[in-house]
Amino acid sequence: MKTRILTILVTLAMCWVQARPASPAESFSVNGLKVIFVPNKANDIIAVNMYLRGGSATLDMRQAGIEDLALRVAILATKNFPKEKLNAELERMDTRMFAAAGRDFSSISLQCVQQNFTRSWKIFTDVLLNPSFDSVDVELEREKLLSAIRQSKDDPDQYLSSLAMEAYFVDHPYSVDPSGTESTIRSFTGKDLQSFMRGRMATSGMLLVVVGNTTREELEKMVNESFGKIPQGRYMASLPPAVSFQTPSLKVVRRELPTNYITGYYPAPQTGTDESYAMSLAESILQFRLFEEVRTKRSLSYAPVSGLGGLFTNYGMIYVTAVQPETTVTVMLNEVKKLQSEPVSEKILNDQRNQYLTRYYLRTETNGSQADLLARYELSGAGYLKAEKYLESIRNVTPEAIQKVCQKYMHNLQFVLLGNPAELKLAPFTY
Amino acid sequence: MHRRAVIALITAFLMFGGATALAQKYQIYQKTLSNGLEVIVVHNPSVPLVTVEVDVHNGAYTEPLEYNGLSHLYEHMFFKANRAIPSQERYLERIRELGASWNASTGDEQVNYFFTIPRDSLVPALVFMYDAITSPLFLQEELVKERPVITGELDRAESDPYFLLDRAVNKQVWWKYPTRKNAGGEREIILTATTEKMRTIQNRYYVPNNAALILAGDITPEEGFRLAEKYFSSWKRGADPFITNPVPEHPPIQRTESIVVEAPVNAVTIFIEWQGPSVSKDAKSTYAADALSFILGQRTSQFYKDLVESGLTYGVSLNYQTLNQKGPIVLSAQTSAEKFERCRAAIMDELKKMGDPGYFTDEQLQNAKTIMAVDEQYGRERPSQYSHTIGFWWAVAGLDYYLNYVDNLKKVTRQDIAQYLNTYVNGKPYVMGVLSSPQDRKKLGL
């Protein structure tokens, strides 16, 4: 298996998997800002992630992309750190800052080594509280984003994913693409961005997660100095509604490609529920069986995949690239049906749990990934403490529970095919 | 080497061989068994996992046309029947029983296989790896079944316009022996592969004196060496494959030329490639190449300001990939059809200025070295990547190069960078590939 497929698998799976903090996580609040902290003295790296609750799911279509553009520009220059100074300082320390806009939340994250933490924190907080939004920076980032939006169709996997999201989340808060559209990105002024960013700096809509080699006392002091006097606001968290389809569907988008890119989406349980753990194992068992039946036994594809999406209102998916789409999807759906009709054996379940243990440790290696996973549980409403009980929850899953979630959720798949098949019958995709 | 690749690759590393103290500091230990197998143990008990990895000096660089893609096919056949496991189905079942996360990859100068397993599965995993690496059966039925899987992988690659650009440029840069830089391989060769050819590869390259066993994670060097001795010492030594089958040297690019690759894309990509240094012949230039890439990657650099902040490109990079059979030096930039001509001229202007004494500051050179050192710490955060990183360096440059990388990069001077540019870039022939949509191409004048 090559890296790209692995990347797809890992990306899908990582979204919802559990944190394994180096030490137990603790939390405290400063001026309404919730802070989750995990001390880790095993290395000198400190990960500081500031999450902005809500994401594009809270925006309307006309605002699509505003957060992405605002955050990208914000990390370029601030009142106290003009661009040249900011870049020089970050390079001198090799401190890194990233901006990311998503459907459920957005973030600005910082990675630095312990000896540069104090100075890096000053830049990080100035980015959040005093971004410059220089007009030259706004225009440069706007052009980059516009190009990225246009290029999103160039890569078949990226395009397929975007088509599938569009087909699945119809008239839903998740239909607002966090990257925006060419039209919306063109419409935002520097003042729009500044005003938007200022509005996001209210502690009730923020979550700070820090993992690394520092102390709670030091951190609490720094947080208080930086965020102790900003507005609290009245952010009210709410989960986007569940998605339900009464019929299956297939959308075909024609493109001359050497193979067909196919994916089918179905609903998945909310994070932190008992069903979510059963679904995680079901998805993993399905992945194994798809590999065995589609690739090993029948040589129908290099890349059969089963995964979970990673949104708070979640979805599951199957994915494949194949030159014989009907035959391949028929085999894949037969495996779905098998999971629904026959409970898995205790041996298979035990083996699958073992693989989960391995993946569990692999996915929580860095301080940044631990911070991100704790945040996902916290922001979803499940609570970060549930992230720490993930393995226990996985151990409690039974064959019956797996069968039940498959029966409940794996229906009415919404398929999208990107490619150019000669003839295509709808029936094999109808489940 | 690509900057981020460097970050990932140097990560764990650290001084070994001539710098034993540093090797111990970073918990990397090495021993060679009597059959020639190099055993490398990385002790990092932060999680109760061990990665068992085997790396082999194999890949595209060992492939004449009639074998092109067969290192890759061999890699796939590794996961099928062997002396102890009767079929691929049973093989996969065993992987699941071991609780393993697994994968493999084939590159220009390396093939690797690895299982990451819970510590308790270490011994059975070593036995499993030994059987797989030493006794594949290459059943004809399984070989035939694997062909469409590989072509399916190639179909995916060929659906990516950037793969098409890279392949087209590579064919011109490595014009005499293009197959030796094409790890994916040729379809016709893969579709007609035989068991005999697989056996030839096995007998030639899959010998312990052409391989490394890396054990990384929750394992001590004493335990690692003891288990390696117990389970791998019966692997029989073979002839040195590179004496019986020497790798021909790539001749220089004959002349500078441009090629255009058309695909349904929404930007114009410029991809300029030169032949760079071979690590065993000019290691000093490989360090200079990486230092230069770190300088140019800084946002305060003239390179970034002239080409990105000017609005001429959406992004640009100049990187060298460390390899032993001439690594490629690649300048890559993305722009629009409207700005293409100005962008190309600006890139050429930038290349001319790059050797000037004032092109970068002392501070930027120092920053490059600092970034390297801190990146090394960032990289060490991911123990599961250690074995792959070490395996890559072992394969292309040798462990000593890898362990002394950071120190040697710190010694790079302005003169070293100038010499690197003069030897490999300035005035040297190159191939420029341009990826464009058919509509945009009309505007480019190419």
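Computed from a predicted model, the values in this text were never measured in an experiment.

### Concerning the overall build of chain B
Secondary structure summary: chain B contains 20 helices and 11 strands in total. Here the C-alpha atoms of chain B give a radius of gyration of 23 Å, agreeing with the 22 Å that 2.2 N^0.38 yields for 446 residues. Seen through its principal axes, chain B has C-alpha atoms that stretch 60 × 50 × 40 Å. Counting only residues that meet the buried cut, chain B has 54% of its 446 residues in that class. A sequence separation of at least 24 residues applies to 82% of the contacts in chain B between residues at least 6 apart.

### Section: the overall build of chain A
From N to C terminus, chain A includes 16 helices and 11 strands. Taking 22 Å as the expected radius of gyration for a compact globule of 431 residues, we find that chain A reaches 22 Å, a close match to that expectation. Counting only C-alpha atoms and orienting by the principal axes, one finds that chain A spans roughly 60 × 45 × 40 Å. A total of 431 residues make up chain A; the buried ones form 51% of that total.

### Here's the deal with the domain arrangement of chain A
Residues and elements named next belong to chain A. You can read the domains of chain A as domain 1 (21-227) and domain 2 (249-429). Computed over C-alpha atoms, the centres of domain 1 and domain 2 are 29 Å apart. Each partner contributes to the interface: domain 1 provides 30 residues, whereas domain 2 provides 23 residues. Elements with a contribution of two residues or more to the side of domain 1 that touches domain 2: strand E2 (33-39), strand E3 (45-53), strand E5 (105-113), helix H6 (156-168) and strand E6 (206-212). Each residue belonging to the side of domain 1 that touches domain 2 can be placed in one class, and the counts come to 21 nonpolar, 5 polar and 4 charged.

### Re the packing of helix H2 (residues 66-74) of chain A against helix H8 (residues 190-200) of chain A
Residues and elements named next belong to chain A. Interhelical geometry of H2 versus H8 gives an angle of 90 degrees and a closest axis separation of 9 Å. What the angle tells us is that H2 and H8 run roughly perpendicular. Residue-level contacts link Ile66, Leu69, Ala70, Val73 and Ala74 of H2 to Asp192, Leu193, Phe196 and Met197 of H8. Here the contact of H2 with H8 is built from residues that sort into 8 nonpolar, no polar and 1 charged.

### Quick notes on the sheet that holds strand E8 (residues 268-275) of chain B
Residue and element names in this part refer to chain B. Taken together, 5 strands build an open sheet; the order of strands is E7-E11-E8-E10-E9 and the sheet is mixed. If you trace the sheet from one side to the other, it starts and ends with strand E7 (257-262) and strand E9 (315-320), each paired once. Averaged over all adjacent pairs, the angle separating strand axes in this sheet is 15 degrees, with direction ignored. By the bridge criterion, 6 bridges tie E7 to strand E11 (residues 431-436) in an arrangement that is parallel. Residue pairing across strands places Glu262 opposite Ser436, the latter belonging to E11. The sheet strands contacting helix H12 (residues 283-296) are E9 and strand E10 (328-335), and the helix crosses E9 at an angle near 165 degrees.

### Remarks on the packing of H12 of chain B against helix H15 (residues 362-379) of chain B
All names here are of chain B. Between H12 and H15, whose axes approach to 8 Å, the crossing angle comes to 105 degrees. Considering their axes alone, H12 and H15 lie roughly perpendicular with respect to each other. Residues Ala291, Phe294 and Ile295 of H12 touch H15, and the partners they reach there are Gln364, Leu365, Ala368, Ile371 and Met372.

### What about the sheet that holds strand E9 (residues 305-308) of chain A?
Residue and element names in this part refer to chain A. One open sheet holds the 5 strands; their spatial order is E7-E11-E8-E10-E9, and the pairing between them is mixed. Edge positions in the open sheet fall to strand E7 (249-254) and E9, since each of these has one partner strand only. Pairwise comparison of adjacent strand axes, ignoring direction, gives a mean angle of 15 degrees for this sheet. Bridging between strand E8 (residues 260-267) and strand E10 (residues 315-322) involves 8 bridges; their strand directions are antiparallel. Its bridge partner being in E10, Tyr266 is matched across the sheet by Gly316.

### Overview of the nonpolar core
Within soluble globular proteins, side chains that are nonpolar generally end up buried alongside one another. Ranked by internal contacts, the top residues of the largest apolar core, which has 251 residues, are Ala282 and Leu374 of chain A together with Ala125, Met129 and Ala291 of chain B. For this core, the element with the highest residue contribution is helix H10 (residues 274-297) of chain A, accounting for 9 residues. Every residue in contact with Ala291 of chain B, bar those within four places of it in the chain, is listed here: Ala368, Leu409, Val412 and Ile417 of chain B.

### Describing the domain arrangement of chain B
Accessible area lost when the parts come together is the quantity often used to give the size of an interface. Residue and element names in this part refer to chain B. Each domain of chain B was delimited in the assignment, giving domain 1 (13-244) and domain 2 (257-444). Using C-alpha coordinates to define each centre, domain 1 is positioned 28 Å away from domain 2. In this complex, domain 1 contributes 38 residues to the contact, which on the side of domain 2 involves 36 residues. Broken down by secondary-structure element, the contributors of at least two residues to the side of domain 1 that touches domain 2 are strand E2 (38-43), strand E3 (49-56), strand E5 (111-118), helix H7 (161-173) and strand E6 (211-217). Residue composition of the side of domain 1 that touches domain 2, grouped by class: 21 nonpolar, 12 polar and 5 charged.

### Observations regarding the interface of chain B and chain A
Between chain B and chain A, the residue contacts involve 48 residues of the former and 51 residues of the latter. Those elements that provide at least two residues to the side of chain B that touches chain A are helix H4 (88-97), strand E4 (101-106), E5, helix H6 (140-158), H15 and helix H16 (383-396) of chain B. Partitioning the side of chain B that touches chain A into residue classes produces 16 nonpolar, 17 polar and 15 charged.

### Let's talk about the environment of Leu444 of chain B
Residues and elements named next belong to chain B. On the secondary structure map, Leu444 appears in helix H20 (residues 438-444). For the pair Leu444 and Ala228, spaced 216 residues apart in sequence, the C-alpha separation works out to 59 Å. Here Leu444 is in contact with Val268, Ala337, Phe340, Val434 and Ser436, once residues within four sequence places are set aside.

### What about the confidence of the model for chain B?
If pLDDT is low for a region, its predicted coordinates should not be looked at in detail. All names here are of chain B. Of all residues in chain B, 94% have pLDDT values of 70 or greater, and the mean over the chain is 92. Predicted confidence is poor over residues 1-19, with pLDDT under 50, and the contacts of this stretch with residues over four places away or in other chains come to 67 contacts. Confidence estimates for the predicted assembly give a pTM of 0.91 and an ipTM of 0.89.

### Section: unusual backbone geometry
Not every positive phi belongs to a glycine, and Ser299 of chain A is a case in point at roughly 55 degrees. Even without a glycine there, the phi angle at Phe138 of chain B is positive, about 50 degrees. Mapped onto the secondary structure, Phe138 of chain B falls in the loop between helix H5 (122-134) and H6. The class for Phe138 of chain B is buried, based on 22 C-beta atoms found within 10 Å.

### Looking at helix H12 (residues 346-362) of chain A
For H12 of chain A, with 17 residues, the first-to-last C-alpha span of 24 Å sits near the 24 Å given by 1.5 Å per residue. Of the residues making up H12 of chain A, those classed as buried are Asp351, Gln352, Gln355, Tyr356, Thr358, Arg359, Tyr361 and Leu362 of chain A.

### Side note on the confidence of the model for chain A
The pLDDT averaged across chain A works out to 92; a share of 95% of its residues lies at or above 70. When the criterion is pLDDT under 50, residues 1-21 of chain A qualifies, and its contacts beyond four places in sequence or with other chains add up to 44 contacts.

### Here's the deal with helix H11 (residues 325-341) of chain A
Count 3.6 residues to each turn of an α-helix, and residues three or four apart come out pointing the same way. Residues and elements named next belong to chain A. Here H11 is 17 residues long and its end C-alpha atoms lie 24 Å apart, about the 24 Å a rise of 1.5 Å per residue gives. Within H11, the full set of buried residues consists of Pro325, Thr328, Val329, Val331, Met332, Glu335, Val336 and Leu339. An end-on view of H11 places all buried positions within 155 degrees of arc, on one side of the element. Looking at H11, the residues exposed on the side facing more than 90 degrees away from the buried face are Asn334 and Ser341. Elements that come into contact with the buried residues of H11 comprise E8, H10, E10, helix H16 (399-409) and strand E11 (414-419).

So, how was this worked out
- Residues numbered from 1 in each chain as written.
- Chains lettered and ligands numbered in written order.
- Predicted model: local features only at pLDDT ≥ 70, side-chain atom pairs only at ≥ 80, totals over all residues.
- Helix = DSSP H or I, 4+ residues; strand = E, 2+ residues; numbered from the N terminus.
- Rg over C-alpha atoms; globule rule 2.2 N^0.38 Å.
- Buried ≥ 20, exposed ≤ 12 C-beta atoms within 10 Å, placed from the backbone.
- Contact = placed C-beta atoms within 7 Å.
- Domains from an automatic or database assignment.
- Nonpolar A, V, L, I, M, F, W, Y, C, P; charged D, E, K, R; others polar.
- Axes fitted to C-alpha atoms, helices over the stretch in contact; angles between N-to-C directions.
- Parallel < 35°, antiparallel > 145°, perpendicular 65-115°, else oblique.
- Pairing = 2+ DSSP bridges.
- Core = buried A, V, L, I, M, F, W, Y, C linked by C-beta atoms within 7 Å.
- pLDDT = per-residue confidence, 0-100.
- Expected span 1.5 Å × (residues − 1).
- Arc of directions from axis to C-beta.

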